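Below are the chains, spelled out letter by letter.
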Amino acid sequence: MNFVNSIAFTAITFVAFTALVAIISWWKTRGDQLDTQDGYYLAGRDLTGPVIAGSLLMTNLSAEQLVGNNGQAVRVGMSTMGWEVTSAIALVILAFVLMPKYLKTGLTTVPQFFEQRYDAGTRRMVSIIVLLSYVVIMLPNILYAGAQVFVNIFGLDKMLGISYFSAIAIVCVATAIVGSIYAIFGGLKAIALSDSINGLGLIVGGLLVPIFGMMFLSGQLGGDGSFFDGLDKFLHTDPAMLNAINEPSSPEPWLPWPLLLTGLLINNMYYWATNQSIIQRAFGAKNLKEAQKGAVFAGFLKIMTPLIIVIPGVICSMAYQGQDWGNGDAAYPMLVAQVMPKPVLGFFAAVMFGAILSSFNSVLNSASTIYALDIHRPMFNPEASDARMVKVGQNFGTVVAIISTVMSPFMLYMGGITTFVNSMFAAFNTPIFVCLICGFFWKKVPSNAAKIVIPVHVVLYFALQFGLRNMLPALNSIHYLYFTAILFVFDMIVMWFIVKKNPRPTDFELHDAKAVDMTPWKHGKFWATLTLLIMVLAYIVFSPLGFGKSDTTTYQRSLTNQQTTSAQQK
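Quick caveat: nothing in here was measured; it's all calculated off a predicted structure.

Student: Whenever I open this one, the pattern of salt bridges confuses me. Can you help?
Tutor: Where side chains of opposite charge bring their charged atoms close, a pairing between them can arise. Under the defined criterion, the tally for this structure stands at 9 salt bridges. We note a salt bridge from Lys451 to Asp119, for which the minimum N-O separation is 3.1 Å. One end of the pair, Lys451, is in helix α22 (residues 449-471); the other, Asp119, is in the loop between α7 (110-117) and α8 (120-154), and 332 residues separate them in sequence. In this structure, Asp512 and Lys514 form a salt bridge, with 3.5 Å as the shortest nitrogen-oxygen distance. Through salt bridges that share partners, Glu115, Arg123 and Asp374 make up one connected network.

Student: Looking at this structure, how should I read the environment of Phe433?
Tutor: Tracing the backbone shows Phe433 in helix α21 (residues 429-441). Sequence separation between Phe433 and Asn267 is 166 residues, and the spatial gap between their C-alpha atoms is 9.0 Å. Among all residues touching Phe433, those that are not within four sequence positions of it are Met269, Tyr270, Thr274 and Phe488.

Student: For this particular structure, what's the right way to read a nonpolar patch on the surface?
Tutor: On the surface, a cluster of nonpolar side chains totalling about 420 Å² of accessible area is made up of Ile203, Leu207, Ile211, Met215, Met304 and Leu307. Here the nonpolar patch takes 4 residues from helix α10 (residues 164-220), the largest share from any one element. As for its position among the elements, Ile211 is in helix α10. Owing to a relative accessible area of 36%, Ile211 belongs among the partly exposed residues under this scheme.

Student: In this structure, what is going on with the packing of aromatic side chains? I would like to understand it.
Tutor: Any aromatic ring pair is given by two values, namely how distant the centres are and how the planes are angled relative to each other. One pass over the full model with this rule turns up 19 aromatic pairs. Relative to Trp325, the ring of Tyr320 lies with its centre 5.9 Å away and its plane at 75 degrees, an arrangement referred to as edge-to-face. Relative accessible area serves as the criterion here: at 13%, Trp325 is assigned to the buried category. Ring plane angle 10 degrees and centroid distance 4.2 Å describe the contact between Tyr371 and Phe396, whose orientation is recorded as stacked. With Tyr371 in helix α18 (residues 342-380) and Phe396 in helix α19 (residues 386-407), this residue pair connects regions lying 25 residues apart in the sequence. Classification of Tyr371 by relative accessible area gives buried; the value is 19%. By way of ring pairs, the aromatic residues Tyr102, Phe113, Phe114, Tyr118, Phe283, Phe440, Phe441 and Phe508 are connected into one cluster. Looking at Arg117, its charged tip hangs above the ring of Tyr118, at a distance of 5.5 Å from the centre.

Student: Help me understand the packing of α7 against α8 in this model?
Tutor: The description of two helices packed together rests on the angle between their axes and the distance between the axes. For the pair α7 and α8, the least separation of the axes is 7 Å and the interaxial angle reads 155 degrees. One finds that α7 runs roughly antiparallel with respect to α8. Considering how the two elements wind past one another, α7 and α8 form a crossing that is right-handed. Packed against α7, whose contacting residues are Pro111, Gln112, Phe114 and Glu115, the element α8 presents Ala120, Thr122, Arg123, Val126 and Ser127 at the interface. Here the contact of α7 with α8 is built from residues that sort into 4 nonpolar, 3 polar and 2 charged.

Student: Would you take a moment to explain the nonpolar core for this structure?
Tutor: Burial of nonpolar side chains together is a common tendency in soluble globular proteins. Core analysis: the largest hydrophobic core is formed by 168 residues, its most contacted members being Tyr102 and Phe234. A per-element tally of this core places α18 first, with 19 residues. Discounting residues that sit within four places of it in the chain, Tyr102 has contacts with Leu94, Leu107, Val110, Ala273, Thr274, Ile279, Phe283, Leu436 and Phe440.

Student: Is there a simple way to think about α19 in this case?
Tutor: For an α-helix, the turn length of 3.6 residues means that residues three or four places apart are oriented alike. Taking 1.5 Å as the rise per residue, α19 with 22 residues should run 32 Å; its terminal C-alpha atoms sit 31 Å apart, in good agreement. Those residues of α19 that fall on the buried side of the exposure criterion are Met389, Val390, Val392, Gly393, Gln394, Phe396, Gly397, Val400, Ala401, Ser404 and Thr405.

Rules behind the numbers
Residues numbered from 1 in each chain as written. Predicted model: local features only at pLDDT ≥ 70, side-chain atom pairs only at ≥ 80, totals over all residues. Heavy atoms only, no water. Salt bridge = Lys/Arg side-chain N within 4 Å of Asp/Glu carboxyl O. Helix = DSSP H or I, 4+ residues; strand = E, 2+ residues; numbered from the N terminus. Contact = heavy atoms within 4.5 Å. Patch = residues over 30% accessible without salt bridge, like charges linked within 9 Å, V, L, I, M, F, W, Y side chains within 5 Å. Areas by Shrake-Rupley, 256 points an atom, 1.4 Å probe, with all protein chains shown as cover. Buried < 20%, exposed > 50% of the residue type's maximum accessible area, 1.4 Å probe, protein only. Phe/Tyr/Trp six-rings, centres within 6.5 Å; stacked < 30°, edge-to-face > 60°. Lys NZ or Arg CZ within 6 Å of the ring centre and 35° of its normal. Axes fitted to C-alpha atoms, helices over the stretch in contact; angles between N-to-C directions. Parallel < 35°, antiparallel > 145°, perpendicular 65-115°, else oblique. Left-handed = near helix turned anticlockwise from the far one by under 90°. Nonpolar A, V, L, I, M, F, W, Y, C, P; charged D, E, K, R; others polar. Core = buried A, V, L, I, M, F, W, Y, C linked by side-chain atoms within 4.5 Å. Expected span 1.5 Å × (residues − 1).

See the structure below:
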């Protein structure tokens, strides 16, 4: 029994599960052709619905969400579930509105469409913006968030007798090395398969945290330590924390209800329907039917993810009442270290490691894809063979992995993870999405439109978010997604004005590449409707109509505490 509870057993189970995933992924892809463009970057266009759904979920669900979203939940309650639950809307729109157009064109990357629709300059501009976001924002934060989980759960800094920063740096390097092997040498199919296996493990391991967390909560609040007593205390101790509907004036990290179908929807549409690291999985579908299955099933799974990445944070707030959580990022690792039984800690660490790897290697693979096919080939070697482009992508991926790894430990000084990532992405995700949907559905948009809309939006967003916000008191506490919603309308007006003054001489016609079978999923709309109804039900449950009925909201409580503190200081 002592061995089962030892750090040695934890290490053995961690290595064993991690190695098992790698072996299965290698075995299933050992005969694949990785020297062709479709084989390496699109898994040979052979992905099925369940694999696509699992890969979509695991690319999205990483330590960044486990740490960041739970870190927000410990401060504001169930409000943060909006980032997860409302993703179902974007995934349904992807499945039935955008996916038929994407697959019809036979795209490998999103920037390819921007050249077809606008011009080569627009393709390069979008490619460079996306690459910079991957290298500067996404990859370093994925590595940092994962490292923070491992360092806090296992106390690596104390175990090794080194500084917290050094421990973070060591884990970042180790994660980057293993993730790079998948991304650079395995191609998309190896990534997607490992994602699916790790996804099953993460569902099991992730659900153990709230289950044991409920038992811990019961003990903390004087109960008998059972799951059902903990659940009862979770539902009745602090109903304000279970209300996901926040006031329109509430700032970040709260999520004001007017944003659910405005700024947040726009943000989700970019992330799930335009972001290369996500959409590349759907591009690799064997046909339209499988792509739609994958997107809809992923939408259903996103409604379930608050069980893993929101509720543990709320449990923390109730179990450690009165604690100052700061940016909240320490909450999830603290709860895991407290409640996870030692015999399963190695397995949990392995699936956590898999989640981190999934996000890291997926983004790294997409960065390599964009550079090789959207920048290097058209600019430097238009006649290059597929095998040469695979090699170029692998070399570029190696460089990007090194740069992002060097940057990752310094994310320690950037504040809350989720806030930093989402607010930075909002600078460019909206105009790219605007140019995409206008390009698909507005045949008269001219080729120069994207070159105007995207730079103007980026400048205005940075002026609002990082300039005027700090100068004008009225803007100081406004949620940055309001800026997204306002600038979306502004971008559409600018696009309309450009079309009015300088329409495209001939209507744009979407090219049919006949790459895959375009027969739609026969029962898709039924399952999509059911998924959206479940999403609505989730919001009813966590609202004043359900478990969130209370005299005050967490935001009102926060204002009262601020006023009390201010009065005491005076």
